[in-house]
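Chain by chain, the residues:
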Amino acid sequence: MIDVEQRHQTVANVIPQRLLSAHGGSACFIEQLCITCAPEAARLWGIYMTALAHPWLRQADLARIAGQVGTPAFVYSEAQFRKNLGRVRDAAAAAGLGDRVELYIPFFPNSNPHVLAPLKEMDGVGVLVQLPSEYRLLREFGFEKFIVSPGHVSDDEIAFWDRTGNPTFLASLDEVAYSLRTEAPTISVRIDSLDSGKPGIKFGELDQLASLLEEYDRDLEGLEVYCGSGNSLEDMVGIVEQVFSIYLKYFPTARSINFAGGHGFDYDAWDESEKHFDWQEYFARIADSAKRMNIPQDVKLLFEPARDVLADTGVLLLSVERSLITTPVSNILVTDGCRMLMPSAQLRDRNHNVLFLDSSMQVIRSETTTSAAVRGRTILRNDYILPREVAVPDGTGADSHMVILDVGAYCATQHMEFLNVPPAAEVLVAADGVIQLISTPGDERDKWRNLLTEKQSLDGLSAAA
Ligand SMILES: Cc1ncc(COP(=O)(O)O)c(C=O)c1O
């Protein structure tokens, strides 16, 4: 045996000093671990920190949610969403861009209007939509500030957006030509800065676009450029400068420049401060560039962050259905989830951090863990909810729950119907702690909600819109 001091030092070698000092030196479970458990202690410390780093999750009554709503359930936090938006806005203000920056949160990564409700009352904040159905729904829910990035669409759909009067970022010369011919109230374009497969007017078409606008004697209201997921902050600033150059050379009368999304979120990090995009640095660099390049003060700067403001506002609560199954091939954790509830984990190879909770919904902190694959509840070979194995603490069993963290973006809205698994419930924890159901779970017949009992002749149908 080694003494506590020695253990603590060993642990200190594997746990970042920053975390240890945050602990404040009081006795903790880590000090009870033997020397061989030190690496595991680091992981458990990570879990402990994560629970602390998600104060909203600690306060959310998960037992009540599981009892009243059942599992699987997506649980979202209004407080965390507000906090994330506040962080971006504060960073803009700190860089002197407070009155120039507008945020438009995309609706497709989290399509629950109750979750996005705080946007309705914030200045300089709106929603990015791409489909008329999204727009109509959000209007019914009282949203008023929109921009539209529709991808490639028909003339009819462009006419629809023109009637709404919202800035609509058109993605090809042909679509712009239609808007010019029909005297659209406002014209904005989307430029594909990366010459990628994303919809957008290509760099090589900018001369043509400028001539087209000149021919109709029209100015652009705004230009949108997606700066690209996976780019370093340095690369993103490089793209910002490229966009400023485009603005100056081709569209110097435009009223706004929209840098879209692509602001990274680190799904592997445990600590809140490490997960999020460095808006402080980013805005400071943009402010610098804008000043150096003489971008007029009254040109608005728009951003469309999704992951950064939404990811850590949500968790997926699952039930563990039985003790670990151990076979000569693998260890399997059986849950009532399914990869179809959040296919983005597999599709984007995001493992997501997880917590295990005991029957009283306390984090299970065991000194020993077993690496296991997280199984969904269907027969298909690849119904694993996460792309890689997770460390399951001893004591996890049929009365436990599993919480998959950071699923507030691109998860519930990506639910797929394949495998006949109904969508999970969605629950919102309001800033004052009140818990409300915001989407009912699909019932067991959800997959067949449009199935006709009797086959129907086409004759009696009104023509499709
Ligand atoms: C036009 C547009 N805006 C915003 C986003 C949101 O991006 P992110 O999740 O990287 O913030 C996307 C994502 O694909 C996008 O295509």
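Residues numbered from 1 in each chain as written. Predicted model: local features only at pLDDT ≥ 70, side-chain atom pairs only at ≥ 80, totals over all residues.

Trainee: Any chance you could explain the site of the ligand here in plain terms?
Mentor: For the ligand, the set of nearby residues contains 16 residues, the closest of which are Ala260, Gly261, Glu304, Ala306 and Arg307. Per-class residue counts for the shell around the ligand are eight nonpolar, five polar and three charged. (Near = placed C-beta within 6 Å. Nonpolar A, V, L, I, M, F, W, Y, C, P; charged D, E, K, R; others polar.)

Trainee: Whenever I open this one, the nonpolar core confuses me. Can you help?
Mentor: Among soluble globular proteins, nonpolar side chains are generally buried collectively. By size, the foremost hydrophobic cluster in this structure holds 109 residues, and its most contacted members are Phe74, Val75, Val127 and Leu316. Taken domain by domain, the makeup of this core includes at least three residues from each of domain 1 (4-74 + 312-444) and domain 2 (79-310). (Core = buried A, V, L, I, M, F, W, Y, C linked by C-beta atoms within 7 Å. Buried ≥ 20, exposed ≤ 12 C-beta atoms within 10 Å, placed from the backbone. Domains from an automatic or database assignment.)

Trainee: What should I look at first to understand the sheet that holds strand β15 (residues 369-375) in this one?
Mentor: The strands that make up a sheet are held in pairs by hydrogen bonds between backbone atoms, and each pair lies either parallel or antiparallel. Ordered by their spatial adjacency, four strands build an open sheet running β12-β13-β15-β16, and the pairing between neighbours is mixed. This sheet does not close on itself; its edge strands, each paired only once, are β12 (325-326) and β16 (390-393). (Pairing = 2+ DSSP bridges. Helix = DSSP H or I, 4+ residues; strand = E, 2+ residues; numbered from the N terminus.)

Trainee: Any chance you could explain the environment of Val421 here in plain terms?
Mentor: Secondary-structure assignment places Val421 in the loop between β17 (401-404) and β18 (425-429). Residue class for Val421 comes out buried when judged on the 24 C-beta atoms lying within 10 Å of it. Not counting residues up to four positions away in its chain, the partners in contact with Val421 are Cys338, Met340, Leu341 and Thr378. (Contact = placed C-beta atoms within 7 Å.)

Trainee: Quick question: what am I supposed to make of the pairing of strand β11 (residues 314-319) here?
Mentor: Along a regular strand, successive side chains alternate from one face of the sheet to the other. Where burial is concerned, most of β11 is hidden: five out of the six residues are buried. Note: strand β1 (residues 73-77) against β11, four bridges, orientation antiparallel. Residue pairing in the sheet places Tyr76 in a bridge with Gly314 of β11. Here four bridges tie β11 to β17, and the two strands are oriented antiparallel to one another.

Trainee: For this particular structure, what's the right way to read the sheet that holds strand β14 (residues 354-357)?
Mentor: Overall, mixed pairing links the six strands, which are arranged β14-β17-β11-β1-β18-β19 in an open sheet. Each having just a single partner strand, β14 and β19 (435-439) make up the two edges of the open sheet. Strand-to-strand twist of the sheet, defined as the mean angle between neighbouring strand axes without regard to direction, takes the value 25°. Here helix α6 (residues 78-94) sits on the sheet in contact with β1 and β18, set at roughly 50° to β1. (Axes fitted to C-alpha atoms, helices over the stretch in contact; angles between N-to-C directions.)

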